[in-house]
Amino acid sequence: MSNLEIAPAEVECGADQPGPALEVIAPREVPLGGPRAMTVRRTLPARGRTTIGAWCFADHYGPDAVAQSGGMVVPPHPHTGLQTVSWLFTGEIEHRDSTGVHAMVRPGELNLMTAGQGVSHSEVSTPGATTLHGVQLWTVLPDGSRAVEPGFEHYVPEPVDLVGGRLAVFLGQVDVDDPGLDGPVSSSVTTYTPLLGAELTVQPGAVITLRLDPTFEHGVLVDGGPVSVGPEQVGAHDLAYLAPGQESVELRAGEHGARVILLGGPPFGEQIVMWWNFIGRTHDEVEAFRAEWQERVASGADTRFGIFDYDGDPLPAPSLPGVRLKPRG
């Protein structure tokens, strides 16, 4: 998904600050596009929190009736230096990109696109999608991998039944203290830093204990709740941040049960410049990415972002702010 903010959020984020072992990040609502735009709830990046591991962007949307919202119509747009992680609870979205991939995003199926040195893609909800509900996540590529060739992976994790819940791991591995498991539940999808990403549902009143890698920081994004994350009750749409050094955490659902997205990874040890749909390391680099994309928009030239068939015009980039973009993280 493109970041369609008129004033992209990079300039609003402060540097990450040390804080408590557990803190709750409330979302901010962001309209994507024009008058009938989808509205998403964004928890990353946030003031004081740029990344959780290499996770650098978290949008949560729906459930939205397509008849009222207009659905998702995101024309061709660019990305650099990141991976997009598309995960749906309800609906269907058609994906096309400049590597030649044409694929569908469906509930419980991961679509992961590696932008690397540059890619463009479009996302449009299908005619049969009456409701859209899901998350769009990005991970930042480390400096040594951010110029890789663009690529795409589709992966369908096998859900695992737990005592009191259900787990589907789409990136990395998740370890749960559960008598039915012999070890962590893993995904085979390619990542460029250690990561975990998973959907976990918790039955009403149930408690599930996650075994954590103490070298990781973790995020618990609540889709449906509330849910208690350790001692803290976290409401629907909020993101609980868990600092490194913790070896386990209990998730306790209320009377209506809960569904969460689990994120994690070792703290990302690089500063980044994240603006619109680009991730770079300096203002000048991002400015050059923007100029190259605008050349593609204006002339149809086959730049680093490539070309693919789409019935409509590509999305122009917004204007850069009047100040130099600062590295964050």
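This text follows the structure it describes.
For the chain, the count of helices and strands is 2 helices and 26 strands. For 329 residues, the compact-globule formula gives about 20 Å, and the C-alpha radius of gyration of the chain, at 19 Å, lands near that figure. When its C-alpha atoms are laid out on the principal axes, the chain stretches across 60 × 45 × 35 Å. Across the 329 residues of the chain, 55% fall into the buried class. Residue pairs at least 24 apart in sequence account for 73% of intrachain contacts in the chain once pairs closer than 6 positions are excluded. A total accessible area of about 13,200 Å² is found for the chain, and carbon and sulfur atoms account for 49% of it.

For the structure shown, the criterion picks out 8 aromatic pairs. Centre to centre, the rings of Trp276 and Phe278 are 5.6 Å apart; their planes meet at 70°, and the pair counts as edge-to-face. Accessibility assignment for this pair places Trp276 and Phe278 in one class, buried. Each residue in the set Trp275, Trp276, Phe278, Phe289, Trp293 and Phe305 is aromatic and connected to the rest through ring pairs, giving one cluster. The ring centre of Tyr241 lies 4.0 Å from the NZ or CZ of Arg49, which sits over that ring. Across from the ring centre of Phe89, 4.0 Å away, lies the NZ or CZ of Arg259, which sits over that ring.

We now examine the pairing of strand β4 (residues 55-65). Within β4, 8 of the 11 residues are buried, leaving the element largely enclosed by the surrounding structure. Strand direction decides the pairing type here: strand β3 (residues 38-44) and β4, joined by 3 bridges, are antiparallel. Among the inter-strand pairings, Leu44 is bridged to a residue of β4, identified as Ala58. Bridging between β4 and strand β11 (residues 131-140) involves 8 bridges; their strand directions are antiparallel. Directly across from Asp64, in β11, lies its bridge partner Leu132.

Turning next to the sheet that holds strand β13 (residues 160-162). Two strands in a sheet stick together by hydrogen bonds in their backbones, pointing the same way (parallel) or opposite ways (antiparallel). In space, the 7 strands of this open sheet follow the order β1-β22-β19-β24-β17-β14-β13, with antiparallel pairing throughout. At either margin of the open sheet sits one strand with a lone partner, and together these are β1 (22-25) and β13. This sheet shows a mean twist of 25° between the axes of neighbouring strands, independent of strand direction.

Moving on, we come to helix α2 (residues 283-299). Note: α-helices contain 3.6 residues per turn, so residues at a spacing of three or four share the same orientation. With 17 residues, α2 should reach 24 Å at 1.5 Å per residue; the first-to-last C-alpha distance of 24 Å fits that figure. Residues His283, Val286, Phe289, Arg290, Trp293 and Arg296 constitute the buried set of α2. All buried residues of α2 lie within an arc of 145° about the axis, which places them on one face of the element. In α2, the exposed residues that point more than 90 degrees away from the buried face are Ala298 and Ser299. Contact partners of the buried residues in α2: β5 (73-79), β10 (119-125), β25 (273-275) and β26 (278-280). In the stretch just after α2, Gly300 is the one whose phi turns positive, near 75°.

What follows concerns the environment of Arg42. Inspection of the secondary structure assignment puts Arg42 in strand β3. Distance from Arg42 to Glu29, taken between C-alpha atoms, is 6.3 Å for residues 13 residues apart in sequence. Polar side-chain contacts of Arg42 include one of 2.6 Å to the side chain of Asp59.

Counting 38 residues, the largest nonpolar core has Trp55, Leu110, Leu137, Phe170, Leu171 and Ile261 as its most contacted members. Residue assignment for this core shows that the elements contributing at least two residues are β4, β6 (82-90), β9 (110-114), β11, β14 (165-171), β22 (239-242) and β24 (258-265). The residues contacting Leu110, other than those within four sequence positions of it, are Val85, Ser86, Trp87, Glu153, His154, Tyr155, Phe170, Leu171 and Val189. Membership of the second largest hydrophobic core comes to 31 residues, among which are Val174, Leu200, Leu212 and Val229.

Reading across from one edge, β16-β15-β18-β23-β20-β21 is the order of the 6 strands in this open sheet, with antiparallel pairing throughout. Strands with a single pairing partner mark the edges of an open sheet, and in this sheet they are β16 (185-186) and β21 (232-234). Here strand β15 (residues 173-176) runs beside strand β18 (residues 207-211); their pairing, made up of 2 bridges, is antiparallel. Directly across from Asp175, in β18, lies its bridge partner Arg211.

Once that is clear, we can look at the pattern of salt bridges. Scanning the entire structure with this criterion turns up 15 salt bridges. Two residues, Glu94 and Arg96, come together in a salt bridge whose shortest N-O distance is 3.2 Å. Taking the shortest distance from any N to any O, the salt bridge between Arg259 and Asp223 comes out at 2.9 Å. With Arg259 in strand β24 and Asp223 in strand β19 (residues 217-224), this pair connects stretches of sequence that are 36 residues apart. Salt bridges linked by common partners bring Asp143, Arg146 and Glu285 together as one network.

Basis of the calculations
Residues numbered from 1 in each chain as written. Predicted model: local features only at pLDDT ≥ 70, side-chain atom pairs only at ≥ 80, totals over all residues. Heavy atoms only, no water. Helix = DSSP H or I, 4+ residues; strand = E, 2+ residues; numbered from the N terminus. Rg over C-alpha atoms; globule rule 2.2 N^0.38 Å. Buried < 20%, exposed > 50% of the residue type's maximum accessible area, 1.4 Å probe, protein only. Contact = heavy atoms within 4.5 Å. Areas by Shrake-Rupley, 256 points an atom, 1.4 Å probe, with all protein chains shown as cover. Phe/Tyr/Trp six-rings, centres within 6.5 Å; stacked < 30°, edge-to-face > 60°. Lys NZ or Arg CZ within 6 Å of the ring centre and 35° of its normal. Pairing = 2+ DSSP bridges. Axes fitted to C-alpha atoms, helices over the stretch in contact; angles between N-to-C directions. Expected span 1.5 Å × (residues − 1). Arc of directions from axis to C-beta. Polar contact = N/O pair within 3.5 Å; in protein donor to acceptor, adjacent residues only side chain to side chain. Core = buried A, V, L, I, M, F, W, Y, C linked by side-chain atoms within 4.5 Å. Salt bridge = Lys/Arg side-chain N within 4 Å of Asp/Glu carboxyl O.

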